[in-house]
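A structural walkthrough
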Amino acid sequence: RPGAHARPFSPLAGQLSVEDTAAMVLCKPKVLPLKSVSLEKLEKLQRAALEAEAARAPEGAPPPPS
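Residues numbered from 1 in each chain as written. Predicted model: local features only at pLDDT ≥ 70, side-chain atom pairs only at ≥ 80, totals over all residues. Heavy atoms only, no water.

Looking at an unreviewed UniProt entry, one finds the protein named BBIP1 protein, with Ceyx cyanopectus as its source organism.

Here it is as structure tokens:
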């Protein structure tokens, strides 16, 4: 009713008012990678560089002069 007035709320009168509030909705946790894609690429490049260096210089050979 548009013209109706609500009665005043009095805590001593024993009236209770309950409002409908939005509750938190919990969603499933997302699995995040421990390493980023760019970090994995960088590690792969570093491993490839170390393997290439090891293949060029046989073990026991002195390092090339600078």
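With that settled, the discussion passes to the overall build of the protein. A tally of regular secondary structure across the protein gives one helix and zero strands. Looking at the protein residue by residue over its 66 residues, the buried ones come to 0%. (Helix = DSSP H or I, 4+ residues; strand = E, 2+ residues; numbered from the N terminus. Buried < 20%, exposed > 50% of the residue type's maximum accessible area, 1.4 Å probe, protein only.)

In this structure the tally under the stated criterion is one salt bridge. Lys35 is the salt-bridge partner of Glu43, the closest N and O atoms lying 3.1 Å from each other. Look at Lys35 and you get partly exposed, because its relative accessible area is 37%. (Salt bridge = Lys/Arg side-chain N within 4 Å of Asp/Glu carboxyl O.)

This part is about helix α1 (residues 37-56). Here α1 spans 29 Å end to end across 20 residues, near enough to the 28 Å set by a 1.5 Å rise per residue. Counting buried residues in α1 gives zero out of 20 residues, a small share hidden from the surface. (Expected span 1.5 Å × (residues − 1).)

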